[in-house]
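The lines below spell out each chain.
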Amino acid sequence: MEPAEVEFLAEKELVTIAAQFSLDRIHLIGGDLGPFNPGLPVEVPVWLAINLKQRQKCRLIPPEWMDVGKLEEIRDQERKEDTFTPMPSPYYMELTKLLLNYASDNIPRADEIRTLVKDTWDTRMAKLRLSADSFVRQQEVHAKVDNLTLMEINTTRTFLTQALDHMYKLRTNLQPGESSHSQDF
Amino acid sequence: MFVSDCRREFYDLIVTQRVLLLVASDVDALCACKILQALFQCDHVQYTLVPVSGWQELETAFLEHKDQIKLLVKQDDDLDVPAYDDIFRDEEDEEEDSENESDGSEPSEKRRRFEEEVIERTMKRRQRREWEARRREILFDYEQYEYHGTSSAMVMFDLAWIMSKDLNDMLWWAIVGLTDQWVQDKITQMKYVTDIGILQRHVSRHNHRNEDEENSLSIDCMRIAFEYDLRLALYQHWSLYESLCNTSYTSASFKLWSVQGQKRLQEFLADMGLPLKQVKQKFNSMDMSLKENLREMIEESANKFGMKDLRVQTFSIHFGFKNKFSASDIVYATTSLMENVEKEGPETTNFIKALDSLSRGNLDKLHQGLDLAKKQLRAIQQTVASCICTNLVISQGPFLYCSLMEGTPDVKLFSKPVSLCLLSKYLLKSFVCSTKNKRCKLLPLVMAAPMDVEQGTVIMVGIPPETESSDKKNFFGRAFEKAAESTNSRTLHNHFEMSIIELKTEDRSKFLDALIALLS
């Protein structure tokens, strides 16, 4: 999977905006989107929010977890624990990137938020690398990891599966006899 | 078409149609075009963009797209348009011979009525003749002088503001459009200061959040700041020394083409306590201690040396950690990109490149433009210095005349109208400072430069005289036309500014003689 595909999936998440135009309920394939009234908050998917923002037809309201205090707590929690802690949103990285790229003027203290999210991401990636390393080294057959988001899984997916494949092939070739029929891999 | 209410009579009409956008080759027009493009993108309006550099191209583009629904022309607009009724007169029904069948009316009455009608008709005819004479006078006054009104970028920004769709980006383009008018000396100082006041209100409205420390914006957001900045061209992207040498105001005041002038410059720097080594470095690498009070120090010393207007009110833009530009920087960069003589591809690439460089994402084009602008300014200064030292500026009676020879270095740069105009203005300023002849100081200047060697054409520009309180009205447009007519010279009055024409080299001398005769 490409990171762009993961971002595409993330754009379905709902976010709050304050519209600057009025429109009745619209019926889309994915569901209904509520009536739009100027100044009143309404929930829409991220793809629509970004489009409206670019056309200057709305003002984005940052999600409640996108706040310096909360993100600091999350980052410290992540650093303390050895395992992965639950994240405020399964698409926290993509949402941060999208909202801060297109609507940073609606989000207070945007630079600090970007730094905090990046710190959390770095810590989690380090843990992921460590656990993948120990997985391969100890030649485990299966492992269970909680609280990983799709973007993080996507970064190691290709490497991990291919590495384990290779390990498996090497292992089966070591055992003599019926399990290996071919010398080439 | 004259429009008084931008929104209702103009924007609301075109927003539902497909639009053809014809844009002149002028930084002000480019800025107005960018604002309009941003508005069109918000409202999903389909448009075609065609750059035009003269009346002929305008006609060809119009004929090509004749079946397009709406036509939009971007240009400088003129103020003081005379009242509609003074110029156009709806065709009134001509007096028809009233064929009243008045059967049986007495002949004397009929004759009396007939006489009255004759008298009425002569009165009307006389009124009409007077009206036409007045109309000719008004039109002559209107078309005799050429001058510039409000910047079209500012007009477009007004439109966006009325529709509440104005953004900081659009405000910046309006600022650049106004600064372009000031750099090219097209508007009076009073108008410039008034327009700066108008824009400053918008700037404080959009950028007041920068002072609030708690909720300050991300560093990547664009910020505009009002500055009472130095008038030195490109000084933040160059070294202070180069900038002092290549800005027309300082170079003319110091008379830097002479040895004495160079000495005065050294004295000036010594007076401020700036070591030569520091001043010749890139501005960003100068010592912080020297840069701190630079503006005030320079202003003080400049006052001592007779330069009272070294600081000017302007705006600067700031985004990211590295990027800080002043409005005049952008104007110089965009002009030199648009008039780049190195041909790279079809005709319109320069236009498109210049248009792109106005967006914040295309910093590499902007930096390329800044480099070209430095080359252009240096070339202008050197040409001005050589013209003055070799006394190439001669007085022809009613005007001064200067002609660039073909072998002059960098003469290719001056085959473009805006560069040639800049050169002529700088030359006139320097000449006024260098000459002792009081009468010559009040004369306008006509400048000629070779345009196309194979076709043997020359580009000629006329600029009004350099006085303290000039109203920047330029009468050379009409004068050139009349002179060309009377001598049957092969001229091309193609440019939107009537005071810039192309001429065959062979016809030059007789054209000039006719011009002298006309203006004396």
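Here is what the cut-offs are and how they apply
The written sequence of each chain sets the order in which its residues are numbered from 1. All chains are assigned letters beginning with A, and all ligands numbers beginning with 1, in the order in which they are written. Restriction of local features to residues with pLDDT of at least 70 applies here, the model being predicted, together with a cutoff of 80 or more for giving and counting side-chain atom pairs; totals for whole chains, interfaces and linings are based on all residues. Heavy atoms throughout the structure, all of them, feed into the side-chain values; hydrogens and water do not. Secondary structure counts use DSSP, requiring at least four H or I residues in a row for a helix and at least two E residues in a row for a strand, with both numbered from the N terminus. For the radius of gyration, the atoms used are the C-alpha atoms, and the globule rule reads 2.2 Å times the number of residues raised to 0.38. Remark: exposure states derive from per-residue accessible area (1.4 Å probe, protein chains only) relative to the maximum for the residue type, with buried under 20%, exposed over 50%, and partly exposed in between. Note on contacts: a residue pair qualifies if any of its non-hydrogen atoms lie within 4.5 Å across the two residues. Working definition of accessibility: Shrake-Rupley area with a 1.4 Å probe, residue cover restricted to the visible protein chains. Between any two strands, at least two bridges found by DSSP are needed for them to pair. Working convention: axes come from line fits to C-alpha atoms, limited for helices to the stretch in contact. Angles between N-to-C directions cover 0 to 180 degrees. Summed over both partners, the accessible area lost on bringing two parts together, with a 1.4 Å probe, is the buried area. Any Lys or Arg side-chain nitrogen found within 4 Å of a carboxyl oxygen on Asp or Glu counts as a salt bridge. Residues adjacent in sequence count toward polar contacts only when both atoms are side-chain atoms; beyond that, a polar contact is any pair of N or O atoms within 3.5 Å, and within protein one must be able to donate a hydrogen and the other to accept it. Gly falls in the polar group here, along with every residue not listed as nonpolar (Ala, Val, Leu, Ile, Met, Phe, Trp, Tyr, Cys, Pro) or charged (Asp, Glu, Lys, Arg). We define the nonpolar core as a collection of buried residues of types Ala, Val, Leu, Ile, Met, Phe, Trp, Tyr and Cys that are connected through side-chain atoms lying within 4.5 Å of one another. UniProt positions are given in the numbering used here, feature names are shortened, and annotations may be inferred rather than shown by experiment. Orientation labels follow simple angle bins: below 35 degrees gives roughly parallel, above 145 gives roughly antiparallel, 65 to 115 gives roughly perpendicular, and whatever is left gives oblique. For any helix crossing, the convention is left-handed if the near helix is rotated counterclockwise from the far helix by under a right angle, and right-handed if that rotation is clockwise. Like charges are joined within 9 Å and nonpolar side chains (Val, Leu, Ile, Met, Phe, Trp, Tyr) within 5 Å, but only among residues with over 30% relative accessible area and no salt bridge; these make up the patches. Aromatic rings from Phe, Tyr and Trp, with only the six-membered ring used for Trp, were paired whenever their centres fell within 6.5 Å, and each pair was classed as stacked if the ring planes differed by under 30 degrees, edge-to-face if by over 60, and tilted otherwise.

## Structural notes on the overall build of chain A
Next up, step 1: A count of helical and extended segments in chain A gives six helices and five strands.
Next up, step 2: Reading chain A from its N terminus to its C terminus gives the helix and strand order α-β-β-β-β-α-β-α-α-α-α.
Next up, step 3: On C-alpha atoms alone, chain A measures out to a radius of gyration of 22 Å, which is more than a quarter above the 16 Å that the 2.2 N^0.38 rule sets for 185 residues.
Next up, step 4: The principal-axis extent of the C-alpha atoms belonging to chain A is close to 75 × 40 × 20 Å.
Next up, step 5: A buried classification covers 38% of the 185 residues belonging to chain A.
Next up, step 6: For chain A, contacts bridging at least 24 residues in sequence account for 68% of all contacts bridging at least 6.

## Here we look at the overall build of chain B
Next up, step 1: Per the secondary structure count, chain B includes 20 helices and twelve strands.
Next up, step 2: Looking at chain B as a whole, 47% of its 520 residues are labelled buried.
Next up, step 3: Summed over its atoms, the accessible surface of chain B is roughly 26900 Å², and 50% of this surface lies on carbon and sulfur atoms.

## Structural notes on the sheet that holds strand S6 (residues 323–326) of chain B
Residue and element names in this part refer to chain B.
Next up, step 1: In space, the three strands of this open sheet follow the order S4-S5-S6, with antiparallel pairing throughout. Two strands in the sheet have a free side with no partner beyond their single neighbour: strand S4 (223–230) and S6. Going from strand to strand, the sheet's axes swing by 30° on average, the running direction of each strand aside.
Next up, step 2: Here four bridges tie strand S5 (residues 311–319) to S6, and the two strands are oriented antiparallel to one another.

## As for the side chain of Lys53 of chain A
Next up, step 1: For Lys53 of chain A, the location among the structural elements is in helix H2 (residues 46–54).
Next up, step 2: The buried category is assigned to Lys53 of chain A, whose relative accessible area is 14%.

## Considering the interface of chain A and chain B
Next up, step 1: Taken together, the contact between chain A and chain B spans eleven residues of the former and 17 residues of the latter.
Next up, step 2: Summed over both sides, the interface of chain A with chain B buries roughly 990 Å², with 43% coming from carbon and sulfur.
Next up, step 3: Put simply, Asp43 of chain B and Lys57 of chain A hold a salt bridge, and the shortest N to O gap is 3.7 Å.
Next up, step 4: If you look at where chain A meets chain B, you find two residue pairs in polar contact (both at pLDDT 80 or more).
Next up, step 5: Broken down by element, the residue count for the side of chain A that touches chain B peaks at three residues, all from helix H5 (residues 110–137) of chain A.
Next up, step 6: Here the residues of the side of chain A that touches chain B are counted per class, giving two nonpolar, three polar and six charged.

## What about the nonpolar core?
Next up, step 1: Ranked by size, the top nonpolar core spans 104 residues in total, and within it Trp172, Ile175 and Leu427 of chain B carry the most contacts.
Next up, step 2: With eleven residues, the single largest contributor to this core is helix H2 (residues 27–42) of chain B.
Next up, step 3: Residues in contact with Trp172 of chain B, not counting those within four places in the same chain, are Met222, Ile224, Phe315, Ser316, Ile317, Phe325, Ser326, Ala327 and Ile330 of chain B.
Next up, step 4: If you look at the next biggest cluster of nonpolar residues, it comprises 40 residues, including Val15, Leu71, Leu116 and Met151 of chain A.

## Details of unusual backbone geometry
Next up, step 1: Within the chain, Asn147 of chain A stands out as a residue other than glycine whose phi angle is a positive 65°.
Next up, step 2: Position of Asn147 of chain A relative to the elements: it lies in the loop between H5 and helix H6 (150–174).
Next up, step 3: Here the phi dihedral of Asn391 of chain B falls at roughly 55°; this positive angle occurs in a residue that is not glycine.
Next up, step 4: Relative to the helices and strands, Asn391 of chain B resides in the loop between helix H17 (363–389) and strand S7 (394–395).
Next up, step 5: The exposure class assigned to Asn391 of chain B is exposed, which follows from its relative accessible area of 61%.

## Some remarks on the sheet that holds strand S10 (residues 457–463) of chain B
All names here are of chain B.
Next up, step 1: Pairing in this open sheet of six strands is mixed, and the strands run S7-S8-S9-S10-S12-S11 from one edge to the other. The open sheet has two free edges, formed respectively by S7 and strand S11 (491–492), since each of these has just one partner strand.
Next up, step 2: Pairing of S11 with strand S12 (residues 500–504), which is carried by two bridges, proceeds in the antiparallel orientation. Of the residues in S12, the one forming a bridge with Thr491 is Leu503.

## Concerning the UniProt feature "domain: DNA replication complex GINS protein PSF2 N-terminal" (unreviewed entry) in chain A
Next up, step 1: UniProt's entry tags residues 2–61 of chain A with the feature "domain: DNA replication complex GINS protein PSF2 N-terminal" (unreviewed entry), counted in the numbering of this structure.
Next up, step 2: Each end of residues 2–61 of chain A is marked by a C-alpha atom, and these two atoms are 28 Å apart; helix forms 28% of the span and strand 35%.

## A closer look at the packing of helix H15 (residues 327–338) of chain B against helix H16 (residues 349–357) of chain B
All names here are of chain B.
Next up, step 1: Running from N to C, H15 and H16 point in directions that differ by 160°, and their axes come no closer than 8 Å. The orientation of H15 with respect to H16, classified from their angle, is roughly antiparallel. With respect to the hand of their crossing, H15 and H16 are arranged in right-handed fashion. Here Thr334, Leu337 and Met338 of H15 lie close against H16, whose contacting residues are Asn350, Phe351, Lys353, Ala354 and Ser357.
Next up, step 2: Among the residues forming the contact of H15 with H16, the class breakdown is four nonpolar, three polar and one charged.

## Brief notes about a nonpolar patch on the surface
Next up, step 1: Residues Met1, Phe8 and Leu9 of chain A make up a contiguous nonpolar surface patch of about 320 Å² in total accessible area.
Next up, step 2: Here Phe8 of chain A lies in helix H1 (residues 3–10).

## Regarding the UniProt feature "domain: GINS subunit" (unreviewed entry) in chain A
Next up, step 1: Taken from the UniProt record, the annotation "domain: GINS subunit" (unreviewed entry) applies to residues 65–170 of chain A.
Next up, step 2: Here residues 65–170 of chain A runs as 69% helix and 0% strand, with 46 Å between its end C-alpha atoms.

## Focus on the packing of aromatic side chains
All names here are of chain B.
Next up, step 1: Within the structure shown, the criterion is met by twelve aromatic pairs over all chains.
Next up, step 2: Measuring from ring centre to ring centre gives 5.1 Å for Tyr235 and Phe283, while their planes differ by 85°; the resulting arrangement is edge-to-face. Placement of the pair is Tyr235 in the loop between S4 and helix H9 (240–246) and Phe283 in the loop between helix H12 (276–279) and helix H13 (288–292), with a sequence separation of 48 residues. One exposure class covers both Tyr235 and Phe283, and it is buried.

## Overview of the pairing of S10 of chain B
Residue and element names in this part refer to chain B.
Next up, step 1: Among the seven residues of S10, seven are classified as buried, and the element is accordingly described as predominantly covered.
Next up, step 2: Burial of S10 is two-sided: the residues Thr457, Ile459, Val461 and Ile463 facing one way and the residues Val458, Met460 and Gly462 facing the other way are all buried.
Next up, step 3: By the bridge criterion, seven bridges tie strand S9 (residues 445–452) to S10 in an arrangement that is antiparallel. By the bridge assignment, Ala448 is partnered in S10 with Met460.

## A word on the pattern of salt bridges
Residues and elements named next belong to chain A.
Next up, step 1: Under the counting rule described, the total for this entry stands at 31 salt bridges over all chains.
Next up, step 2: Put simply, Asp119 and Arg75 hold a salt bridge, and the shortest N to O gap is 3.4 Å. Note that Asp119 is positioned in helix H5 and Arg75 in helix H3 (residues 68–80), a separation of 44 residues in sequence.
Next up, step 3: Given a relative accessible area of 16%, Arg75 falls into the buried group.
Next up, step 4: Taking the shortest distance from any N to any O, the salt bridge between Asp133 and Arg137 comes out at 3.3 Å. You can see Asp133 and its partner Arg137 sitting in helix H5, four residues apart, about one turn around the helix.
Next up, step 5: Residue class for Asp133 comes out partly exposed when judged on its relative accessible area of 38%.
Next up, step 6: Exposure remark for Arg137: the relative accessible area of 61% places this residue in the exposed category.

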